[in-house]
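# A closer look at the structure
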Amino acid sequence: MTTDRLSTPTADAGADPPAAADRATHAGDAPDATAEPGTTRAAGRLPRAAVLWSYVLTIGRFGTTAAVTVIMARFLSPHEYGVMALAMVWVTFGQTLAMHGPGQAVVQREDVDDSHFDAAFWSTLGTGAALAAVFAVGAPLWAALNDTPDLIRVSLVLAPVMVLNAMVVVPDAILRRQLRFRSLSVRWLVAGLVSGGVGVLGAVLGWGVWALVAQQVVMSVISAVGVWIAVRWRPGFRRIGPALRELRKYSLHSLSGFFASFVAVRTDAVLLGPIFGPVAIGLYRFVTRIAEMVNDIATGGLAQVAMPHLSREAASQAEFTRSAIRYFHIGTLVAFPLFGVMFATGPLFLRWIGPQWVAAGPAFRVICVAMAAVALGPIISAIYQAAGRPAMLAAISWGSAGFTVVSMLIAGRLFHDSGPGTQVLAIASTFAIVQWTGTLIALMLMSAQVVKGSLLGIVRTSLPAVGAAIGAAVAGLAVQPLLRELDSFLALAATGIVAGAVALAVLAAREREVSSRLGRLIRR
């Protein structure tokens, strides 16, 4: 089960809170993340404004990232994507490590003040700087292991990004606590647009892998500047030991889960990069990136809201259970049909982008199956975290990590001499098996010990979404033989329309809420 995508923000009715709430110490501690003082949200109801703004950010990021990714993929090769993927393994490690340390504890902890923010900031920044130094020193060794000399320079240029990412963790956590989603939306959208423009320009001009590097560096710089403009809090110089010890217990469990999740998610590059080479890793990372962007649309916005919201409802088991099941239900309704449509359209999409990506077509379909499980990971993770069960989540993640390592090593041994297309399919199949195994185990434990509800009842809420996904996939595949004479883009569009229409029809027939909303839309 993938859990390391749990992160960021939300907002309050589309407007930033008053200036007095911008700094936790102005009011003694951070404002309540889900309700105005003195009010109580009805049990089982989601904070709609926060979810809406969270999806505004997610969809905005998807729009810019998708366009940039498609355009750049037309000019870049799988080898160049593979070199970048191998370098980004350790940049991502540093970024996610920072997010899951004291910064995550700052979001989850009910009572915090400036001493906790200072402790989280300086410890996170120190860790980021140390990791950047280790990454720079170890770049030649990593390049040698992967027999890819280009990795040295790319890694050295990306090392400072790890420090920039560490600098934004605490101010980002403050914005998330306050659900100041509009500020986060502006930051990410501006960073995505500017960095995407730089990346596209570089790809068109023939920069190769350096177009991807420039995009990443510009994104990190603009994000860092934006988040520090958005918050008034500034780090102070004081003893951080006492506050850090208060954050340590939660941080250690969260970090343990992070390490396990990193092993589970990045094993393909860490272990199989030296075995399969950058071309297979580039193909796999590209199709995975496309699926992850859709996953962000499906459950990214929901997961961003879930943890701070559910944390405030954890005091009442009944309210917590109703809200948790509601998050799970909505997540499946959005995610499963989308991946059903992608299952049918994926190979057509790759053919439209360029012939260099066609070899990954079968693997793309397997990734779609895997991503249906991955989409549930951040929501399940948020439920565990909000219930104060990071240790249980970490144990599940470590089990999944061990399974991943063994499975990937077997795949590497079996398909070492195969072509890149077969190697990518082997990685994707292994990934799908691991993800669904971990997700099902996490669901069983969640129903018994966290939500304390019926597993069958929880799973039953996903059945309409499963039916919609299967209907979309079958309809899309069935119509493709009739579209063989069409241009690749027209065939892609027609398949997507048919698959999407079938998915929507199934949801409307099985889900009363979907049916009523469609009815209101049609009557307008």
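Fair warning: this is a prediction, and the values are worked out from it, not measured in the lab. (Residues numbered from 1 in each chain as written. Predicted model: local features only at pLDDT ≥ 70, side-chain atom pairs only at ≥ 80, totals over all residues. Heavy atoms only, no water.)

### Let's talk about the overall build of the protein
Looking only at helices and strands, the protein features 18 helices and zero strands. Burial analysis of the protein (524 residues in total) assigns 56% to the buried set. Excluding contacts between residues fewer than 6 apart, the proportion of contacts in the protein whose partners are at least 24 apart in sequence is 85%. Put simply, the protein shows about 20,500 Å² of open surface, and 67% of that area lies on carbon and sulfur atoms. (Helix = DSSP H or I, 4+ residues; strand = E, 2+ residues; numbered from the N terminus. Buried < 20%, exposed > 50% of the residue type's maximum accessible area, 1.4 Å probe, protein only. Contact = heavy atoms within 4.5 Å. Areas by Shrake-Rupley, 256 points an atom, 1.4 Å probe, with all protein chains shown as cover.)

### Digging into the packing of aromatic side chains
Within a pair of aromatic rings, the relevant descriptors are the distance that separates the centres and the angle that separates the planes. Enumeration according to the criterion identifies 14 aromatic pairs in this entry. In textbook terms, an aromatic cluster arises when at least three aromatic residues are bridged by ring pairs, as seen for Phe117, Phe121, Trp122, Trp228, Trp233 and Phe237. The residue whose ring lies beneath Arg365 is Phe343, and the NZ or CZ to ring-centre distance is 5.6 Å. (Phe/Tyr/Trp six-rings, centres within 6.5 Å; stacked < 30°, edge-to-face > 60°. Lys NZ or Arg CZ within 6 Å of the ring centre and 35° of its normal.)

### Concerning the side chain of Gln423
Mapped onto the elements, Gln423 comes out in helix H14 (residues 420-450). A relative accessible area of 4% means that Gln423 is categorised as buried. Separated by 3.1 Å, the side chain of Gln423 and the backbone oxygen of Ser418 make a polar contact. (Polar contact = N/O pair within 3.5 Å; in protein donor to acceptor, adjacent residues only side chain to side chain.)

### Observations concerning unusual backbone geometry
The phi dihedral of Asp147 is positive, around 50°, even though this residue is not glycine. With respect to the helices, strands and loops of the structure, Asp147 is situated in the loop between helix H4 (114-145) and helix H5 (150-167).

### Re the side chain of Thr430
Tracing the sequence through the fold places Thr430 in helix H14. Ignoring any residue separated from it by four or fewer positions in sequence, one finds Thr430 in contact with Ser407, Met408 and Ala411.

### Considering the nonpolar core
Counting residues in each nonpolar core, the largest one holds 109 residues, and the members touching the most others are Met72, Leu158, Phe286, Phe339, Ile383, Tyr384 and Met446. Considering every element that reaches this core, the biggest residue donor is helix H10 (residues 278-313), with 17 residues. The residues touching Phe339, leaving out its near neighbours within four places in the chain, are Ala291, Val294, Asn295, Cys368, Met371, Ala372 and Ala375. Counting 15 residues, the second largest nonpolar core, distinct from the first, contains Val112, Phe121, Leu125 and Trp228. (Core = buried A, V, L, I, M, F, W, Y, C linked by side-chain atoms within 4.5 Å.)

### A word on helix H6 (residues 169-177)
With nine of nine residues buried, H6 is to be regarded as a mostly interior element. Here H6 has its buried residues at Val169, Val170, Pro171, Asp172, Ala173, Ile174, Leu175, Arg176 and Arg177.

### Examining the packing of H5 against helix H8 (residues 209-230)
The N-to-C vectors of H5 and H8 enclose an angle of 15°; their axes lie 9 Å apart at closest approach. Comparing the axis directions of H5 and H8 gives the class roughly parallel. Remark: the crossing between H5 and H8 carries left-handed chirality. Along the contact surface, H5 presents Arg153, Val154, Val157, Leu158, Val161, Leu164, Asn165 and Met167, while H8 presents Val209, Trp210, Val213, Gln216, Val217, Ser220, Val221, Ala224 and Trp228. (Axes fitted to C-alpha atoms, helices over the stretch in contact; angles between N-to-C directions. Parallel < 35°, antiparallel > 145°, perpendicular 65-115°, else oblique. Left-handed = near helix turned anticlockwise from the far one by under 90°.)

### Describing the packing of helix H11 (residues 317-353) against helix H17 (residues 488-510)
Contact geometry of H11 with H17 gives a least axis separation of 9 Å together with a crossing angle of 165°. Relative to H17, the element H11 lies roughly antiparallel. For the element pair H11 and H17, the recorded crossing hand is right-handed. Contact residues: Leu333, Pro337, Val341, Ala344, Thr345, Leu348, Phe349, Arg351 and Trp352 in H11; Ser488, Phe489, Ala491, Leu492, Thr495, Gly496, Ala499, Gly500, Ala503 and Leu507 in H17. Considered class by class, the residues forming the contact of H11 with H17 number 13 nonpolar, five polar and one charged. (Nonpolar A, V, L, I, M, F, W, Y, C, P; charged D, E, K, R; others polar.)

### Re the environment of Trp210
Within the fold, Trp210 resides in helix H8. Taking the C-alpha atoms as reference, Trp210 lies 9.9 Å from Arg153; in sequence the two are 57 residues apart. Sequence-distant contacts of Trp210, defined by excluding residues within four places in its chain, comprise Arg153, Val154 and Val157.

### Notes on a nonpolar patch on the surface
On the surface, Val186, Val190, Leu193 and Val194 cluster together to form a nonpolar patch covering roughly 330 Å² of accessible area. Mapped onto the fold, Val186 is located in helix H7 (residues 181-204). (Patch = residues over 30% accessible without salt bridge, like charges linked within 9 Å, V, L, I, M, F, W, Y side chains within 5 Å. Salt bridge = Lys/Arg side-chain N within 4 Å of Asp/Glu carboxyl O.)

### A few points about the confidence of the model for the protein
Across the protein, the average pLDDT comes to 80, with 77% of residues at or above 70. Here residues 4-44 is modelled with pLDDT under 50, and outside its nearest four sequence neighbours on either side it reaches 107 contacts, counting other chains as well. (pLDDT = per-residue confidence, 0-100.)

### Re the environment of Ser311
The topology assignment puts Ser311 in helix H10. For Ser311, a relative accessible area of 13% gives the class buried. For the pair Ser311 and Ala387, spaced 76 residues apart in sequence, the C-alpha to C-alpha distance is 6.6 Å.

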